[in-house]
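What the coordinates show
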Amino acid sequence: MSEAQGHGPGVSGSAKRSKRDALIAAAFELFTTRGFEQTTVDDIVRLAGVGRSSFFRYFPSKEDVVFPDHEGCLAEMTAFLQEGSGTEDPVARVCDAARLVMRMYADNPSFAVQRYRLTKSVPGLRHHELSVVWRYERTLADYLRRRFAHGPDGTLRADVIAASVVAAHNNALRAWLRSGGQEHPSARMNEALEFVRRSWGPEGQGTGPGEEDTDDVVVLIARRKAPMWRVVREIESALDEH
């Protein structure tokens, strides 16, 4: 969740291109050729052929043009989590929500790789990126807090699982970006998120908050000197009765 999918660099001059797309394209062309710090908003709007007011209509700052689709991604994730029936495994649900973010990167791998390299080279962009990652994590945690609200450790569990999902997602994402985005990231991402699901899901953690344990418990009282074969037979008999 380090970034979100955007549009590739380069200005085509197409009359059909929206002002927003033109600004993104112009910005990345300048960031690539001139450098992020050396590029001003005036430079971007001049190359895009739009007014300065148009830039700030779409982007609050120069940093925001590097991550143009975070707001849309967060909105999609929030809607996805709210659409759940409330009966599905909450850990699997947040893992699926993380896959929505990965899908954006996979739609435009060349741009995702270019942005990753730019972000690594500009500390200010890295800080901006981390603030957005935190918003993704809070979105996941808020959903999990609602699902685990009746458990004594519900808030703690929700926050830890949300952080685990983000960490797993970013681990797989960065490995894919470092490889140049040559292969589809789904296999690597599924492996990372499945690790989280196994660790925190029902089979990994047993009974979740507010759920009853359906496993039988057998208590056997036996004489201290009773032979083991008799103890075993008594246990088998008790199990057969259930």
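Residues numbered from 1 in each chain as written. Predicted model: local features only at pLDDT ≥ 70, side-chain atom pairs only at ≥ 80, totals over all residues. Heavy atoms only, no water.

1. Points about the environment of Phe55
Test applied: Helix and strand assignments follow DSSP, with helices taken as H or I runs no shorter than four residues and strands as E runs no shorter than two, numbered in order from the N terminus. Contacts are residue-level and defined by heavy atoms, with any inter-residue pair within 4.5 Å sufficient.
For Phe55, the position within the fold is in helix α3 (residues 52-58). Between the alpha carbons of Phe55 and Ile24 there is a distance of 9.6 Å; along the sequence they are 31 residues apart. Not counting chain neighbours up to four residues away, the residues in contact with Phe55 comprise Leu23, Val41, Ile44, Val45, Ser61, Lys62 and Val65.

2. Description of helix α1 (residues 19-33)
Rules: Take the number of residues in a helix, subtract one, and multiply by 1.5 Å to get its expected span. Three exposure classes are used, based on accessible area relative to the maximum for each residue type with a 1.4 Å probe and protein chains only: buried under 20%, partly exposed in between, and exposed over 50%.
Given a rise of 1.5 Å per residue, 15 residues ought to cover 21 Å, and the 21 Å separating the end C-alpha atoms of α1 matches this to within 8%. Considered for burial, the residues of α1 that qualify are Ala22, Leu23, Ile24, Ala25, Ala26, Ala27, Phe28, Leu30 and Phe31. The elements touched by buried residues of α1 are α2 (41-48), α3 and α6 (109-121). Just beyond α1, the residue with positive phi is Gly35, at close to 105°.

3. Describing the packing of aromatic side chains
Any aromatic ring pair is given by two values, namely how distant the centres are and how the planes are angled relative to each other. Which entries qualify depends on this criterion: Centres within 6.5 Å are what make two rings of Phe, Tyr or Trp a pair, Trp counting through its six-membered ring; a difference in plane orientation under 30 degrees is then read as stacked, over 60 as edge-to-face, and the rest as tilted.
Inspection of the entire model under this criterion finds 6 aromatic pairs. Pairing Phe28 with Phe111 gives two aromatic rings, centres 4.5 Å apart and planes at 65°, and the pair type is edge-to-face. Separated by 83 residues along the polypeptide, Phe28 in helix α1 and Phe111 in helix α6 bring together distant segments of the chain. Taking the relative accessible area as the measure of exposure, Phe111 reaches 0% and is therefore buried. Pairing Phe55 with Phe59 gives two aromatic rings, centres 5.6 Å apart and planes at 55°, and the pair type is tilted.

4. Describing the confidence of the model for the protein chain
The line we're drawing: Confidence of the predictor at the level of single residues is given by pLDDT, which spans 0 to 100.
Averaged over every residue, the pLDDT of the protein chain is 83; residues scoring 70 or more account for 77%. For the protein chain, per-element mean pLDDT is lowest for helix α11 (residues 228-241), which scores 59, and highest for α2, which scores 96. A low-confidence stretch, residues 3-7 stays under pLDDT 50, and its non-local contacts, those more than four residues away or across chains, total 32 contacts. Contacts of residues 206-215 to residues separated by more than four positions or lying in other chains number 8 contacts, the stretch itself having pLDDT below 50.

5. As for the packing of α1 against α2
Put simply, the rule reads: Throughout, an axis means a line fitted to C-alpha atoms (over the contacting stretch in the case of helices), and angles, computed between N-to-C directions, take values from 0 to 180 degrees. Any angle from 65 to 115 degrees is called roughly perpendicular, while one under 35 is roughly parallel, one over 145 is roughly antiparallel, and all others are oblique. Put simply, a crossing is left-handed when the front helix is turned counterclockwise from the back one by less than a right angle, and right-handed when it is turned clockwise.
As a packed pair, α1 and α2 sit with axes 8 Å apart at the nearest point and diverge in direction by 120°. Here α2 runs oblique to α1, going by the angle between their axes. Crossing geometry of α1 relative to α2 is assigned as right-handed. For the pair α1 and α2, contact is made by Ala22, Leu23, Ala26, Ala27, Glu29, Leu30 and Phe31 and by Asp43, Ile44, Val45, Leu47 and Ala48, respectively.

6. Details of the nonpolar core
Test applied: As used here, the term nonpolar core means buried Ala, Val, Leu, Ile, Met, Phe, Trp, Tyr and Cys residues forming a set that is joined through side-chain atoms within 4.5 Å.
Core analysis: the largest hydrophobic core is formed by 41 residues, its most contacted members being Met1, Leu140 and Val165. Elements with a minimum of two residues in this core: α4 (70-82), α5 (90-107), α6, α7 (123-147), α8 (154-178) and α9 (186-200). Counting residues in each nonpolar core, the second largest holds 23 residues, with Leu23, Phe28, Val45 and Val122 among its members.

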